[in-house]
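# Structure at a glance
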Amino acid sequence: MLNPDPFIDHAHEQRLRRLAERVAERLRTAGFIVHAEVPEAGGVVVEVKTLRHAPGVFVQWYVHPSWTERVVGHTVAGRSGHPDIQRYEAVNDAMERALAKVVRTLGFTTHNHVYEDWAGLEVRDPAEEQETP
């Protein structure tokens, strides 16, 4: 019988939460401002996803909301080639690559995932690779 529960079991969730705490602590030690949810002023978010189809610890860097609002404004206005949008995309790509490199330097592994409703950089502890699918 298939498990109808859309979420992972409690033990798996607790392992992921402990990993998220270690990742956040090491990132803070490395000088990053780390948030538990999307920040008001930009920064890094370490998040635990508990859905059975895509569980894991994910990190993402966010720009300051004022920049995001400007970019969205240009996009809505149909100016997709606007310099603000090009800079935003370039900075976002550079920060995602840098964050992945820092996370790996801190002793974790990273995996890029793209799901139907979101994308993210998953972080794993190499010692637990087999345990965290």
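Residues numbered from 1 in each chain as written. Predicted model: local features only at pLDDT ≥ 70, side-chain atom pairs only at ≥ 80, totals over all residues. Heavy atoms only, no water.

### Describing the nonpolar core
Among the nonpolar cores identified, the biggest contains 25 residues, and Val23, Leu27, Val46, Val57 and Val59 are the most heavily contacted of them. When contributions to this core are tallied by element, the ones reaching two or more residues are helix H1 (10-29), strand S2 (43-49), strand S3 (56-62), helix H2 (65-76), helix H3 (83-105) and strand S5 (119-124). With six residues, H1 is the single largest residue contributor to this core. Those residues in contact with valine 59, other than ones at most four positions away along the chain, are Val23, Leu27, Val45, Val46, Leu99, Val103, Leu121 and Val123. (Core = buried A, V, L, I, M, F, W, Y, C linked by side-chain atoms within 4.5 Å. Buried < 20%, exposed > 50% of the residue type's maximum accessible area, 1.4 Å probe, protein only. Helix = DSSP H or I, 4+ residues; strand = E, 2+ residues; numbered from the N terminus. Contact = heavy atoms within 4.5 Å.)

### A closer look at the confidence of the model for the protein chain
For the protein chain, the mean per-residue pLDDT works out to 87, and 95% of the residues sit at or above 70. The secondary-structure element of the protein chain with the lowest mean pLDDT is H2, recorded at 81, while H1 shows the highest, at 96. (pLDDT = per-residue confidence, 0-100.)

### Quick word on the environment of glutamate 37
Checked against the element boundaries, glutamate 37 lands in the loop between strand S1 (34-35) and S2. By relative accessible area, which is 61% here, glutamate 37 ends up exposed. With 64 residues separating them in the primary sequence, glutamate 37 and lysine 101 have C-alpha atoms 22 Å apart.

### Observations regarding the sheet that holds strand S4 (residues 109-114)
One open sheet accounts for five strands, arranged S1-S2-S3-S5-S4; its pairing is mixed. Each of the sheet's edge strands pairs with one partner strand only, and the pair in question is S1 and S4. Sheet topology note: the S1/S2 ladder contains two bridges and is parallel. Across the sheet, the residue bridging to valine 34 is valine 44, located in S2. H1 rests against S1, S2, S3 and S5 of the sheet, and its axis sits at about 170° to S2. Sitting on the sheet, H3 touches S2, S3, S4 and S5, and the angle it makes with S3 is about 135°. (Pairing = 2+ DSSP bridges. Axes fitted to C-alpha atoms, helices over the stretch in contact; angles between N-to-C directions.)

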